Amino acid sequence: MNQTLEQATERNDYIPISASMLSPSRLCEVALYVCDGADDHYRLFRTPNIPITTEWMLKLEETGRRKLYISSLDHQNFQQYLRDNLQDVLADESVGVSDRFGSLNEVVRVVLGEVFSKGNVDATVTAVDELGHHMVDMICREDAVASELCGVMYHDYHTFTHSANVSYYCVMLAKEVGISSEEDLRQIAKGALLHDLGKLQIPNAILTKPGKLTDEEFSIVKMHPTTGFRKLCRRQDLSAAQLMMVYQHHERLDGSGYPVRIGGAEIHFWAKICAVTDVFEALTSNRPYRAGMSMAAAFEIMDRQSGKGLDEEVYRLWKALMQKR
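Owing to the predicted nature of the structure, the values given are computational and were not obtained by experimental measurement. (Residues numbered from 1 in each chain as written. Predicted model: local features only at pLDDT ≥ 70, side-chain atom pairs only at ≥ 80, totals over all residues. Heavy atoms only, no water.)

Visitor: Hey, could you go over the overall build of the chain for me, with residue numbers and the actual values?
Guide: From N to C terminus, the chain includes 15 helices and 4 strands. For the chain, whose C-alpha radius of gyration is 20 Å, the value lies close to the compact-globule estimate of 20 Å for 325 residues. Projected onto its principal axes, the C-alpha positions of the chain cover 60 × 40 × 40 Å. Across the 325 residues that make up the chain, the buried fraction comes to 52%. (Helix = DSSP H or I, 4+ residues; strand = E, 2+ residues; numbered from the N terminus. Rg over C-alpha atoms; globule rule 2.2 N^0.38 Å. Buried < 20%, exposed > 50% of the residue type's maximum accessible area, 1.4 Å probe, protein only.)

Next up, the structure:
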């Protein structure tokens, strides 16, 4: 769906959605389409002014249609529908976990994109607090499968997409290393959502530059952990551990990282979790200068950093978790 969305929004095209994202409790003011045959012929299936009923959903299920389509021109309206409808979808046990997670992921990306673009720190912290709760609730379910959750994630180069993915990964990894407290997991989710807040001060021309950065440009990029920390450090609603995820996620065990080149035990454990997932997400997602790497290629690079830059045990558990997919 990721590439389809990127291509579709450039013109009036069609974007696939899961039928389970729809709820009879709210009117979906977006036209729904089906695709017939292999020639990508789309026909109108439901006009915006017709309510979605339980009976209609059952008939849709009986026909075996799990996927519908919306016009790319309606994408923002559909995202707003998902935001308004999120509580109902997440609470609906008849909907598969991966489909509910897909709805949540759409909302997370939209909300992060909005609050990041506005630059209001108070609004951002409030938003990520709520999102972090939803994320942990979904990931901690007994029937949540990592491969299904990862399968509905986006992998573009936007800062808000990267922050969302790193947050999902951090919660998964934190569980794997033995952190079981839901309050701790929610704090980790929130810290990870905020970890790249300082990047919002970096010119977009640098963040999306297709070629290699100059030394001056890279020095600007390396300021983002300090910038993010300064924006957040005086808040009473963030813990020291969360702030270290923001400040230390680019520090390395051997002292080769930034912003202050600390190493070893000086790096907070939550920051070590964030560092592993941050590197993995950056390698496997699309960037302006390259396509996302395969998981095998990413691990080949990360293997060389294990025990030197990245915590060996944290990385080992992450690699094992991802290879289960």
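Visitor: Now, about the pattern of salt bridges: what can you tell me, with residues and values included?
Guide: Two side chains that carry opposite charge are able to pair once their charged atoms sit near each other. Taken as a whole, this structure holds 17 salt bridges when the rule is applied. Its salt-bridge partner being R141, residue E93 comes within 3.0 Å of it at the nearest N-O pair. Of the two residues, E93 sits in the loop between α3 (75–91) and α4 (97–118) while R141 sits in the loop between α5 (121–139) and α6 (146–151), which places them 48 residues apart along the sequence. In this structure E93 comes out as exposed when scored by relative accessible area, which is 53%. A salt bridge links K190 to D129; the nearest nitrogen and oxygen atoms lie 3.5 Å apart. Within this pair, whereas K190 is found in helix α8 (residues 182–193), its partner D129 is found in helix α5, the two being separated by 61 residues in sequence. In this structure K190 comes out as buried when scored by relative accessible area, which is 7%. Since its relative accessible area comes to 33%, D129 is described here as partly exposed. (Salt bridge = Lys/Arg side-chain N within 4 Å of Asp/Glu carboxyl O.)

Visitor: Which residues make up the packing of α5 against helix α7 (residues 159–176), and what values go with them?
Guide: Contact geometry for α5 and α7: axes closest at 10 Å, N-to-C directions at 45°. On the basis of their axis angle, the class for α5 and α7 is oblique. When the axes of α5 and α7 are compared, the crossing they make is right-handed. Taken together, the residues of α7 that come into contact with α5 (itself represented by M135, V136 and I139) are A164, S167, Y168, V171, M172 and K175. Split by residue class, the contact of α5 with α7 holds 7 nonpolar, 1 polar and 1 charged. (Axes fitted to C-alpha atoms, helices over the stretch in contact; angles between N-to-C directions. Parallel < 35°, antiparallel > 145°, perpendicular 65-115°, else oblique. Left-handed = near helix turned anticlockwise from the far one by under 90°. Contact = heavy atoms within 4.5 Å. Nonpolar A, V, L, I, M, F, W, Y, C, P; charged D, E, K, R; others polar.)

Visitor: Quick one: what's the story with helix α2 (residues 54–62), residue by residue and with numbers?
Guide: Listed in full, the buried residues belonging to α2 are W56, M57 and L60. Within α2, the buried residues cover an arc of 100° as seen down the axis, which keeps them to one side. Those residues of α2 that are exposed and angled more than 90 degrees off the buried face are E55, K59, E61 and E62. Lining the buried residues of α2 we find β2 (32–36), β3 (41–46) and β4 (67–71). Once α2 finishes, G64 follows within two positions and takes phi at roughly 80°, a positive value. (Arc of directions from axis to C-beta.)

Visitor: Can you lay out the packing of aromatic side chains for me, pointing to particular residues and giving the numbers?
Guide: Under the criterion given, the structure shown has 13 aromatic pairs. An angle of 15° between the planes, with centres 4.3 Å apart, marks the rings of Y14 and Y42 as stacked. Of the two residues, Y14 is situated in strand β1 (residues 14–18) and Y42 in strand β3; the sequence distance between them amounts to 28 residues. Geometrically, the ring pair formed by F218 and Y258 is edge-to-face, given 6.2 Å between the ring centres and 85° between the ring planes. With F218 in helix α10 (residues 215–221) and Y258 in the loop between α12 (240–248) and α13 (269–284), this pair connects stretches of sequence that are 40 residues apart. We classify F218 as partly exposed; its relative accessible area is 37%. (Phe/Tyr/Trp six-rings, centres within 6.5 Å; stacked < 30°, edge-to-face > 60°.)

Visitor: I'd like to hear about unusual backbone geometry, residue by residue, with values.
Guide: With an omega of 20°, the peptide bond between Y258 and P259 qualifies as cis. Within the fold, P259 resides in the loop between α12 and α13. We note that R261 has phi near 60°; this positive angle belongs to a residue other than glycine. The residue R261 is located in the loop between α12 and α13 in this model. When its relative accessible area of 56% is taken as the criterion, R261 is described as exposed.

Visitor: Would you mind going over the side chain of R287 in detail, with residue names and values included?
Guide: Mapping R287 onto the fold places it in the loop between α13 and α14 (295–305). Once residues within four sequence positions are removed from consideration, R287 is found in contact with D156, Y157, H162, E281 and A282.

Visitor: I'd love a proper account of the side chain of R46, names of residues and values included.
Guide: Examined against the element boundaries, R46 turns out to sit in strand β3. Despite its burial, R46 pairs with no opposite charge; the closest candidate is E55, at 8.5 Å N-O. One polar contact links the side chain of R46 to the main-chain carbonyl oxygen of P51, over a distance of 2.7 Å. (Lys, Arg positive; Asp, Glu negative; His and termini not counted. Polar contact = N/O pair within 3.5 Å; in protein donor to acceptor, adjacent residues only side chain to side chain.)

Visitor: An account of the packing of α7 against α13 is requested, with residue identities and associated values reported.
Guide: Put simply, α7 and α13 touch, their axes get as near as 9 Å, and they point 130° apart. When the interaxial angle is binned, α7 and α13 end up oblique. Two packed elements cross with a definite hand, and for α7 against α13 that hand is right-handed. Residues H162, N165, V166, Y169, C170, L173 and A174 of α7 form the contact with α13, whose participating residues are I273, C274, V276, T277, D278, F280, E281 and A282.

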